[in-house]
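A closer look at the structure
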Amino acid sequence: MEIVAGSNSPKGTPAAGERRPVPLIVTEDMELLDDLLRLCAAAGTEPEVHHAVPERRGAWEEAPLVLVGDDAAARCRGAARREGVLLVGREQDDPGVWRLAVEIGADEVLRLPDAERLLVDRIADAAEGVGDPAATIGVIGGCGGAGASTLACALAVTAAREGRRTVLVDGDPLGGGIDVLLGGERAEGRRWPDFASARGRVAGGALEESLPRLHRLRVLSWDRGDSVVVPPDALRSVLSAARRGGGVVVVDLPRRVDEGVAEALAQLDLGLLMVPGELRSVAAANRVASTVGMVLRDLRIVTRRPYGPGLDDGWVAASLGLPLVGEVPWESRVPTGPPEETLPGRPGTPLARFCSVFWERALAPGTPS
């Protein structure tokens, strides 16, 4: 599998100060209109509404999605042929609706309420602009104290510093909050417990704006309150929303694999297993790799100095039977001091250089697996 980053903004994103095109609804059926407005609100957008093809030049052609009520289909005959036209109604057994769909060039015929979830997804995709998903990298410690969280932070900090849209996700509820490593435990914004009840589609833009912004990146971390269980479907919805924005998503993961972690692993493009160069660490990493490998197809090794007698990075990778990404230099963190002195992957350090090289290679078009 190749790892190619999405653009820093979704395709179709308007320039600064330019109004983003919104979905177009064409109907005179007030009950249907109420339903479509509700679904648009669920998708995080406010549509333009007309009773027939809009008179304003370009309104039909420029809308990212056109929802035509079956009551208005006849009035849309002769409109310019385009993709992204959906014929929507409630009558399940009306054979004439298919003829109308052909006449207006509709991509699909959708019936409410059965198609509500599908329709929300289509509206949200159109409203947000659908670009390439983010390159999503997971970091997992092969043993306790391997330094996986430090590497995850350093990768995210480096990607953001180099101008990539970046989201750092804390996938370990027992880790104490990855925002602490970035000096942002008091930063305002939502944490995982706020998304415990998330279901279905989560708007990517709204998610990103709600998260704390630290060192040019967005961070989704756990708080220091009472333990809150985030169901797997909520985790899936939130991670999917983070990925839709393009750029880079880095996920710091625990060594165990439960239902929630399995959801995160399923969305990764690549997993990095962080392994210190010690026999006991390699033995522990072998158990982690066998469990993670049941869900994640592309798992690779990152080793960390110092090595035990007779060991090196090649030996560690060969022992685990996994591809070697490289060797992470050990970076001791200053216990106290300003953020610029304690930040993982701070500029000028060996770890920052490792991360820059990693992103350069991982995000190059056509990178082989």
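Right above here is the structure, for reference.
Presented here is a report on the structure given in the accompanying data block. (Residues numbered from 1 in each chain as written. Predicted model: local features only at pLDDT ≥ 70, side-chain atom pairs only at ≥ 80, totals over all residues. Heavy atoms only, no water.)

Topic: the sheet that holds strand β5 (residues 108-111)
Quick note on the threshold: When DSSP finds two or more bridges between two strands, those strands count as paired. By definition, any uninterrupted DSSP run of H or I lasting at least four residues is a helix, any uninterrupted run of E lasting at least two residues is a strand, and each is numbered from the N terminus. All axes here are fitted lines through C-alpha atoms, helices being fitted over the stretch that makes contact, and every angle between N-to-C directions spans 0 to 180 degrees.
Taken together, the five strands give an open sheet; going across it, the order is β2-β1-β3-β4-β5, and neighbouring strands pair in parallel fashion. In this open sheet, the two edge strands, each paired with only one partner strand, are β2 (48-50) and β5. Within this sheet the neighbouring strands show an average axis-to-axis angle of 25°, counted without direction.

Observations concerning the sheet that holds strand β7 (residues 166-170)
Put simply, the rule reads: We call two residues contacting when some pair of their heavy atoms lies within 4.5 Å.
Pairing in this open sheet of eight strands is mixed, and the strands run β8-β9-β7-β10-β6-β11-β12-β13 from one edge to the other. This sheet does not close on itself; its edge strands, each paired only once, are β8 (213-214) and β13 (324-328). Inspection of the sheet shows β7 paired to strand β9 (residues 217-220) by three bridges, in the parallel sense. Paired with Val 167 across the two strands is Arg 218, which belongs to β9. Helix α7 (residues 232-244) rests against β6 (135-141), β7, β9 and β10 (248-253) of the sheet, and its axis sits at about 145° to β10.

With respect to the nonpolar core
Put simply, the rule is: The criterion is simple. A nonpolar core is a set of buried Ala, Val, Leu, Ile, Met, Phe, Trp, Tyr and Cys residues joined through side-chain atoms within 4.5 Å. Think of it in three bands: with a 1.4 Å probe and only protein chains considered, a residue is buried below 20% of the maximum accessible area for its type, exposed above 50%, and partly exposed in between.
With 39 residues, the main nonpolar core has Trp 192 and Leu 273 as its most contacted residues. Elements that contribute at least two residues to this core include exactly β7, α7, β10, α8 (259-266), β11 (270-276), α9 (279-292), β12 (299-304) and α10 (313-320). In this view, Leu 273 contacts Ile 140, Gly 141, Gly 142, Ala 285, Val 288, Ala 289, Leu 299, Arg 300, Ile 301, Val 302 and Leu 322; residues no more than four positions away in its chain are not counted.

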